[in-house]
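Chains, contacts and geometry: an overview
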Amino acid sequence: TIVFSISDASFTYTVSKATGLGRRFDGIGGLSGGGCVTRLLADYKSKWYNQIMDYLFLPGFGASLHILKVEIGGDVQSTDGTEPSHMHTADDENYQRGYEWNTMVEAKRRNPNITLYGLSWGFPGWVGEGKKLPWTNSTLRYTMNWLLGAKKYYNLDIDYIGIWNECAWDKGYTLALKAAITAAGLKTKVVGHDSKWDVCTTLVKDPEWAAAVDVIGAHYVGSAIAEECAALNKVQWSSEDMSLDYDTGSLCWARSLNQNYVRANLTATIAWDLIASFYDGLPYSGVGILRANEPWSGHYRIGRLLWVSAHWGQFTKVGWSFLKHGSGVGLLDNGGSYVSLTDPTGEQLTIIVETMDRNSSQCAHSSTVYYSTTNQTATFQLDTSFGHITQLYVFFTDLNILDVDQAFTYKGIITLDNGTFTLQLSVGVLYTVSTINGTKGAYDAPPSQPFPLPYADNFDDHQVYSEAPYFSDQTGSWEIIDTASTRGKTMRQMVPERPISWCDDADYPYSIIGNYTWKQPLNISVDVLIEKNGIAFVALGVSEGGCGNGSSGIVFSVNTTNNGSWQITNSTQLTNPVTSGIVSIVAGTWYKLTLVVLQDYSVGYVNGNPVGRCELTASSYSGWGAIGSSWDYVQFDNFCLQSPI
Ligand code: 147
């Protein structure tokens, strides 16, 4: 019998820049947004916050990301919540809301060369000028204000701007945006249009429109490109990709980073999302480059996906070049791929080799061509164009091994033998071989802890315009305001009309807090002020966030219409009340709303007086606590969540 060793299939690949270079490398990155994926990170204490940001952005420490793409908050639900807009209304302008500004500032502090890219998922309703589409002068003003605000208030140059995530686009608007950017003296490039490759069918027929688009960005491309797009000969990116768990998604990520260039000449790949910093129980829980969704404890988790990012991030830079296909870039004969990049001087060289199994390395929402991967031996032959290189650093990850401590291990220095080195490649491994050395940065995260109960907040200690800690808006948008009265600061619902959505916003604004697995007697109370007219509510057992009509739950609401009424419903849609009645509630006055959910029944109170009771119980509903309102200005104060006394 013949015993085949790993080296029985062996192949040689030339690495050369003698006949020129391939495309410019634009980087790898993560997406903060689309939406609210960074929400809980904002509430981490600075020690842990800084560690997490170092892991993502500090060059030579962790992922060392080159690109930060952010959502331009539009007051819309954009997957895991609502990000606040810099212009809630036509005459409103504010550049302190949300966490994207700070995320960009902190990323740039760590890596001054970070590439920044902004994109809207949806827009406040007013930009539509009476229509539900954003192709207006108002949207132009709105988007330009965001770009100019980034410069004016944070000295941030936004390198790229998109149009409307995975939605329609418009020639007139794209041309007008491009012209406005030029007129303002900005260098921001336009990405078209963050959806599928079919945009190119339009662009090939319309040179004027094509000229206004600097980069073709498509999503979840499965490392493939449509012919019309390749033919346009523009810069092409995978501008959203991955969408898998921060640890097990590592195989998709390792394959895509390589094969997006090898198979499709895509020069940037951006992960959705940057960080799993939103509540478990929301859509795509745990998806991100790392996981950090416990601001109360400071706990966070590094998975293998971060170290796969490091295989690229630490050894390449934006502005480097890929080598040409066939001279350092290609598919491996027995499956997998290799990519080589060099810096502008041609001194540095980084070669990244992956041998992922096709089926176990698919990303979300996409699939690659079929191929199979088997053990092989690969020899890389550097020709005289890299004759100055005598040794290379080696970093290795075997993604068959679940232990994150074994990812991204330094394997020492290879001394080249007549310009060659050889790798024994089993299936599912990742190598970076480079003139540059890497570091496996390490901090200790504190232990995990459950959401703290009892929990109370009078909002007085928070920054105006910020979001109250731990509240995660799902529809509508809340921010801290200073009432300049003895009330101090309150939390106010700021969106007065339905936005131009990305997906379904709920029927009524609501914001969740706590833990989605709570299925126990609880008491939630909050003071509410309905400013002009409308509805305020508190809820428990709220099980759903993200896109959709709202959530089931036990919901106690009051309404100022006709001098006041109350009801208890089994959903935030506020339809089909289980019980309801009249109670004197008027606009402009503060009331305390309390909902007590017990093992056998629930009770709603106004100002401490029981007004309604029903048979909805703790054992039949599980989920977060929530506050909510109609699409009106409604304030909330003295929030409290605790076990019933
Ligand atoms: C993307 C969105 O752009 C992100 O905000 C986030 O929701 C992400 C989650 O995976 O998904 O939207 C897509 C949703 C579905 C598909 C592609 C993109 N799909 O089915 O091809």
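The text that follows walks through the structure, step by step, so that each part is easy to find. Note that the coordinates shown come from a computational prediction; the quantities given were computed from them, not determined experimentally. (Residues numbered from 1 in each chain as written. Predicted model: local features only at pLDDT ≥ 70, side-chain atom pairs only at ≥ 80, totals over all residues. Heavy atoms only, no water.)

With that settled, consider the layout of surface pockets. There is about 470 Å³ of room inside the largest pocket. Considered class by class, the residues forming the lining of the largest pocket number 10 nonpolar, 8 polar and 5 charged. (1 Å grid on protein atoms, 1.4 Å probe; cavity = no way out; pocket = protein on both sides within 12 Å on 5 of 7 lines; lining within 4 Å. Points joined across faces, edges and corners; volume = space filled by probe spheres on them. Nonpolar A, V, L, I, M, F, W, Y, C, P; charged D, E, K, R; others polar.)

This part covers the packing of helix α1 (residues 46–57) against helix α2 (residues 100–110). Where α1 contacts α2, the two axes come as close as 10 Å, and the packing angle between them is 65°. Where α1 crosses over α2, the two elements pack in a sense that is right-handed. Between α1, through Y49, N50, M53, D54 and F57, and α2, the contact on the second element is made entirely by N102, T103, E106, A107 and R110. Here the residues of the contact of α1 with α2 sort into 4 nonpolar, 3 polar and 3 charged. (Axes fitted to C-alpha atoms, helices over the stretch in contact; angles between N-to-C directions. Helix = DSSP H or I, 4+ residues; strand = E, 2+ residues; numbered from the N terminus. Left-handed = near helix turned anticlockwise from the far one by under 90°. Contact = heavy atoms within 4.5 Å.)

Here we take up the sheet that holds strand β1 (residues 10–15). The strand order across the open sheet formed by 3 strands is β1-β17-β20, and the pairing between neighbours is mixed. Pairing within the sheet leaves two strands with one partner each, and these edge strands are β1 and β20 (420–425). Neighbour to neighbour, the strand axes of the sheet diverge by 20° on average, direction disregarded. (Pairing = 2+ DSSP bridges.)

With that settled, the discussion passes to the pattern of salt bridges. All chains considered together, the criterion is met by 20 salt bridges. Across the salt bridge formed by D247 and R304, the nearest N and O atoms sit 3.1 Å from each other. In this pair, D247 sits in the loop between β9 (235–242) and α8 (250–262) while R304 sits in helix α9 (residues 304–313), placing the two residues 57 residues apart along the sequence. Summarising the burial analysis for this pair, D247 and R304 share the class buried. With a shortest N-O distance of 3.0 Å, R487 and D527 are connected by a salt bridge. Here D527 lies in strand β27 (residues 522–530) and R487 lies in the loop between β24 (478–482) and β25 (489–493), a separation of 40 residues in the sequence. You can call R487 partly exposed: its relative accessible area is 24%. Of the residues examined, D527 reaches a relative accessible area of 6% and is grouped as buried. (Salt bridge = Lys/Arg side-chain N within 4 Å of Asp/Glu carboxyl O. Buried < 20%, exposed > 50% of the residue type's maximum accessible area, 1.4 Å probe, protein only.)

Attention now moves to the packing of α2 against helix α3 (residues 137–154). Packing of α2 against α3 leaves a shortest axis separation of 12 Å and a crossing angle of 55°. One way to sum up the angle between α2 and α3 is to call them oblique. Here the hand of the crossing between α2 and α3 comes out right-handed. Across from W101, M104 and V105 in α2, the residues of α3 making contact are W146, A150 and Y154. Residues of the contact of α2 with α3, tallied by class, amount to 6 nonpolar, no polar and no charged. (Parallel < 35°, antiparallel > 145°, perpendicular 65-115°, else oblique.)

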